[in-house]
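Structural characterization, general
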Amino acid sequence: MKIQAAVSREGARYPQIETLDIEDPRPGEILVRIVASGICHTDLGVNARPGLRPFVFGHEGGGIVERVGPGVSRLVPGDHVVLSVNFCGECPSCKRNAHSYCYEVLPRNFGGLRPDGTSPLSKDGDRVYARFFGQSSFATFSLADERCAIKVPADIPLEILAPLGCGVQTGAGAVLNSLNVGAGQSIAIFGTGSVGLSAVMAAHLVGAQRIIAVDVVASRLALAKELGATDTIDASTADAAKLIREMTVYGVDYTLNTANAPAVYTQALACLANLGVAGFVAPPQGAFAPDMFHLLSGGRALRGILGGDTTPSLFIPMLIDYYRQGRFPYDRLIKFYPFEKIAEAFEDSTTGKTIKPVLRMPN
Ligand SMILES: [Zn+2]
Ligand SMILES: [Zn+2]
């Protein structure tokens, strides 16, 4: 079958839409007609760095199951699904439902191929790498691993639901699962992109007493305030850590760092109260040496967080319920782009003009 897909090729700044061939579903696979796909910073990162090419990225797909392969029993054609992270289902992490820490997370999500070394996509007989996060959703159709698919209600547009697959659940899950922030506690969130703002909404949802949003973009800080931040700090004009310590006396119980500048890591540790936990979702880009005495003397912890420690099949339906109730208005982060404007959407995401771009497929 022929599909349209945005292909990242060597030397090209943005993915270009091309006609490709897609295989029929094999055992454990589903063919999904993609209605919409979110763009996440991981897509921008892999597209900008050298690597396997040509490759179809995209990992926040939302669509309708068109066909299912042999052995697929959980889904039937016509089901609405959101596609999320892929995992092996067999390793110790998967057995305890900690799918984001699957021991095969890299090959299953970034390897471009099925475990047997084949790709479902090709052009004129030449291989095109796919299976990005088990899906490659920058396309009109995706041949996804059944494990990636979360069945969602059909009465909410898929273009709203698609971005739940990665960035939104990472931010919300970091607060609700990884850090387990509770009522009456305090958190400072560094960076108010889609992960940071989802964290702000989740902290508000659980009744955190103090929610301090830190960024350098005034419009994002204003939105953070509307979504539940109790305080905002413009880090371009203030020493955020110093200000947070002044505001909270002992420091905050938690920090969530969604940025990757080493200086932000230092700040996120410096404002932490005793027994506090500093969560981070991306490695620092550059040298960072944590103050080990500061960590030890206050019983503080530095905690890496992938995917918000969620079990997507439980967590995504829960976020949808909160959204329906008006308690998790993450749709305010979204701006829609037609599929053919993917370059503009990449650009607006890179510059920060758009918080969560969502591509609408011509389906
Ligand atoms: Zn696994
Ligand atoms: Zn992502």
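Residues numbered from 1 in each chain as written. Chains lettered and ligands numbered in written order. Predicted model: local features only at pLDDT ≥ 70, side-chain atom pairs only at ≥ 80, totals over all residues.

The helix and strand tally for the chain stands at twelve helices and 17 strands. A compact globule built from 363 residues would reach a C-alpha radius of gyration of about 21 Å, and the chain, at 20 Å, matches this within 12%. Seen through its principal axes, the chain has C-alpha atoms that stretch 65 × 40 × 35 Å. By the burial criterion, 50% of the 363 residues in the chain qualify as buried. (Helix = DSSP H or I, 4+ residues; strand = E, 2+ residues; numbered from the N terminus. Rg over C-alpha atoms; globule rule 2.2 N^0.38 Å. Buried ≥ 20, exposed ≤ 12 C-beta atoms within 10 Å, placed from the backbone.)

It is worth spelling out the domain arrangement of the chain at this point. On domain assignment, one finds that the chain holds domain 1 (2-165 + 329-360) and domain 2 (168-306). On a C-alpha basis, the centres of domain 1 and domain 2 stand 29 Å from each other. Counting residues at the interface gives nine residues for domain 1, matched by nine residues for domain 2. In terms of residue class, the side of domain 1 that touches domain 2 is made up of six nonpolar, two polar and one charged. (Domains from an automatic or database assignment. Contact = placed C-beta atoms within 7 Å. Nonpolar A, V, L, I, M, F, W, Y, C, P; charged D, E, K, R; others polar.)

Secondary-structure assignment places Gly112 in the loop between α3 (105-110) and β6 (121-123). Its 22 C-beta neighbours within 10 Å are what place Gly112 among the buried residues. C-alpha separation for the pair Gly112 and Ala174, spaced 62 residues apart in sequence, amounts to 27 Å. In this structure, Gly112 is in contact with Leu52, Phe55, Ser119, Tyr129, Ala130 and Arg131, ignoring residues within four places of it in sequence.

Turning our attention to unusual backbone geometry. For the bond running from Arg53 to Pro54, omega is -10 degrees, close enough to zero to count as cis. With respect to the secondary-structure elements, Pro54 resides in the loop between α1 (41-48) and β4 (60-68). If you check the backbone angles, Asn180 has positive phi at about 55 degrees while not being a glycine. As for its position among the elements, Asn180 is in the loop between α5 (167-178) and β10 (186-190).

Counting 109 residues, the largest nonpolar core has Val56, Val175, Ile187, Ala199, Val200 and Leu359 as its most contacted members. When residues are assigned to domains, this core turns out to be shared by domain 1 (2-165 + 329-360) and domain 2 (168-306), each giving three or more. Not counting residues within four places of it along the chain, the set of residues in contact with Ile187 comprises Val181, Ala203, Ala208, Ile211, Val252, Asp253, Tyr254, Thr255 and Leu256. (Core = buried A, V, L, I, M, F, W, Y, C linked by C-beta atoms within 7 Å.)

Below, the discussion takes up the sheet that holds β10. Adjacent strands of a sheet form backbone hydrogen bonds with each other and so pair up, either parallel or antiparallel. Reading across the sheet, the six strands line up as β12-β11-β10-β13-β14-β15 and stay open at both edges, with parallel pairing between neighbours. Two strands close off the open sheet at either side, each with one partner strand: β12 (231-234) and β15 (301-304). Averaged over neighbouring strand pairs, the angle between their axes works out to 20 degrees when direction is ignored. Where β10 meets strand β11 (residues 210-215), five bridges bridge the pair, whose relative direction is parallel. From the neighbouring strand, Ile187 faces β11, where its bridge partner is Ile211. Across the face of the sheet, helix α7 (residues 218-226) comes into contact with β11 and β12 while running at roughly 170 degrees to β12. (Pairing = 2+ DSSP bridges. Axes fitted to C-alpha atoms, helices over the stretch in contact; angles between N-to-C directions.)

This brings us to the packing of α5 against helix α11 (residues 312-324). Packing of α5 against α11 leaves a shortest axis separation of 11 Å and a crossing angle of 90 degrees. If you check the angle between α5 and α11, you find them roughly perpendicular. Listed contacts from α11 to Val168, Gln169, Ala172 and Gly173 of α5 are Pro312, Phe315, Ile316 and Leu319. (Parallel < 35°, antiparallel > 145°, perpendicular 65-115°, else oblique.)

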